[in-house]
Amino acid sequence: MASQSNNSQSTPLNSQRIAAHSSLLIANVIFGLGVPITKLLLDNWVSPMAWMATRCIGAAAIFWIISLFTPKEKVPIRDLFIIMIGGLIGFLVSQTFTAWAIDYSTPTYVSFIATLTPVMTMVCAALFIGERLSGKGIIGVVIGIVGAMLMVVKNWQGGSGKNDVVGIGFALLSLLTWAIYLIITRHVSAKYSAVTQMKWIFLVSTVAILPFSWGDLMHSTLYSSAWQWSGVVEMAYIVVLATVVGFFAIPFASRYLKATTVSVYTNLQPIVASFVAIILGQDVLTWDKPVALVLVLLSAYMVSKK
């Protein structure tokens, strides 16, 4: 009887873990594909500001509609303020830097830099809230810096992008602002569901960006008589899949899997992004790319693993 009971309890848990692994795999492939798709949008349909405004408006609308069918959560003014300020920094500012990075550089380098998220977060935590850096963590940070510097030095005299050095700089700023967001919201984010947080983050981001992006939206090819379905599908992918679906998949998987397991799956993103970018002709394979990829993945692994 006990054996049957244990089996009946373990089966749902195993199925949930399988679902968690599947959601992580799908989410990180979506995120990886999102980088070259964003490059297509920026090259043909919208400016970085119009891309960002569309993403904010679309995601805000979707999350607020979803919130009508989910349990209501009361958020005190203080927590709501932290969520909104954190969202402006971690989403609006960070993702705007990402758009500029992709516009100036290639999807390959931008996705490589994004892999250094745990490294940048560890450095910011040490600087701003006094978290202690371990010896292994310091080595991981150094390896990450070497990987980033390799990309910069290799492209100093010109690379595959419009200006790869400037693009890599924007990518690093995107990482910095995202790390600050994680630190600011570290206590509040655990209290509320993803829907509650995202509906407010995207609402305040929409209000903040519209005055600065209205002209870009009005002059975007995607929103003119020259629009085509290919551009609409690409933008829908970014709003629905790379934004909304991703914010559901990662929190769900985190309930059933260890943080280190979740972080391992993020290594798929630069592989998918660079592979697709090279196929689409957005980048070319050079010797520094696999070397830089190994360095940044090793850096992220050393920093993330306890």
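Residues numbered from 1 in each chain as written. Predicted model: local features only at pLDDT ≥ 70, side-chain atom pairs only at ≥ 80, totals over all residues. Heavy atoms only, no water.

### Observations concerning the side chain of T96
To keep things clear, this is the line we draw: Here a strand is any run of E in DSSP of at least two residues, a helix any run of H or I of at least four, and the numbering for each starts at the N terminus. Relative accessibility under 20% of the residue-type maximum defines a buried residue, over 50% an exposed one, and the middle range a partly exposed one, all with a 1.4 Å probe and only protein chains included. As used in this structure description, the phrase polar contact means that two N or O atoms lie within 3.5 Å; if the pair is within protein, one of them must be able to donate a hydrogen and the other to accept it, and residues adjacent in sequence are counted only when both atoms belong to side chains. It only takes one pair of heavy atoms within 4.5 Å for two residues to be counted as in contact.
Mapped onto the elements, T96 comes out in helix α3 (residues 77-104). For T96, a relative accessible area of 8% puts it in the buried group. Only 2.6 Å separates the side chain of T96 from the backbone oxygen of L92, close enough to count as a polar contact. Beyond its immediate stretch of four places on either side in the chain, T96 contacts M49, M52 and F91.

### Considering the packing of helix α4 (residues 107-114) against helix α11 (residues 268-279)
We count it as follows: With axes taken as lines fitted to C-alpha atoms, and helix axes fitted only over the stretch in contact, angles between N-to-C directions fall between 0 and 180 degrees. An angle below 35 degrees is treated as roughly parallel, one above 145 as roughly antiparallel, one from 65 to 115 as roughly perpendicular, and anything else as oblique. In the scheme used here, Gly and all other residues not listed as nonpolar or charged are polar, with Ala, Val, Leu, Ile, Met, Phe, Trp, Tyr, Cys and Pro taken as nonpolar and Asp, Glu, Lys and Arg as charged.
Orientation of α4 relative to α11, taken along the N-to-C sense of each, is 175°, at an axis distance of 8 Å. In terms of orientation, α4 lies roughly antiparallel with respect to α11. Contacts between α4 and α11 involve P107, T108, S111 and F112 on the former and, on the latter, Q269, P270, A273, S274 and A277. A per-class count over the contact of α4 with α11 returns 5 nonpolar, 4 polar and no charged.

### Quick look at empty space enclosed by the protein
Definition in use: Whether a set of points on the 1 Å grid over the protein atoms alone is a cavity depends on a 1.4 Å probe fitting there but being unable to get out, while an open set qualifies as a pocket with protein on both sides within 12 Å along at least five of seven lines; lining residues are those with an atom within 4 Å of a point. Grid points are joined across faces, edges and corners, and a volume is the space filled by probe spheres set on the points.
The tally for this structure, following the rule as stated, stands at 1 cavity of 30 Å³ or more. For the largest cavity, the calculated volume is near 50 Å³. Around the largest cavity, the lining residues are G90, F91, W178, Y181, M198, I201, F202 and F247. Only α3, α7 (164-184) and α8 (194-218) provide two or more residues apiece to the lining of the largest cavity. Ranked by residue count, the leading element in the lining of the largest cavity is α8, at 3 residues.

### Quick notes on the packing of aromatic side chains
We count it as follows: Aromatic rings from Phe, Tyr and Trp, taking only the six-membered ring of Trp, are treated as a pair when their centres fall within 6.5 Å; an angle between ring planes under 30 degrees marks them as stacked, one over 60 as edge-to-face, and anything in between as tilted. Charge over a ring is defined by NZ of Lys or CZ of Arg lying within 6 Å of the ring centre and within 35 degrees of the ring normal.
Within this structure, the stated rule accounts for 9 aromatic pairs. Where Y104 meets F170, the ring centres are 5.9 Å apart and the plane angle is 35°; that geometry is what we call tilted. With Y104 in helix α3 and F170 in helix α7, the pair connects residues that are 66 residues apart, well separated along the chain. Judged by its relative accessible area of 29%, Y104 falls in the partly exposed class. Relative to Y181, the ring of W178 has its centre 4.8 Å away and its plane inclined at 35°; by these criteria the two rings are tilted. Taken together, the residues W178 and Y181, both in helix α7 and 3 residues apart, mark about one turn of the helix. W178 sits in the partly exposed class, given a relative accessible area of 26%. The side chain of K162 reaches across the aromatic face of Y104, ending 5.2 Å from its centre. Across the ring face of W64, the terminal group of K199 is positioned such that the distance to the ring centre comes to 4.6 Å.

### Observations regarding the nonpolar core
Our working definition: What makes a nonpolar core is a set of buried Ala, Val, Leu, Ile, Met, Phe, Trp, Tyr and Cys residues whose side-chain atoms join them at distances within 4.5 Å.
Ranked by internal contacts, the top residues of the largest apolar core, which has 64 residues, are V46 and W51. Setting aside anything within four residues of it in sequence, one finds W51 in contact with T38, L41, L42, V46, Q95, A99, M235 and I238. A20, L24, A253 and L257 belong to the second largest nonpolar core, which has 5 residues in total.

### Thoughts on the environment of A101
With respect to the helices and strands, A101 occurs in helix α3. A101 sits 62 residues away from N163 along the chain, and the two C-alpha atoms are 9.2 Å apart. Beyond its immediate chain neighbours, meaning those up to four positions away, A101 contacts V110, G167, F170 and A171.

### As for the environment of A292
Summarising the element assignment, A292 is placed in helix α12 (residues 288-304). Residues A292 and I143, 149 residues apart in the sequence, show an inter-C-alpha distance of 9.8 Å.

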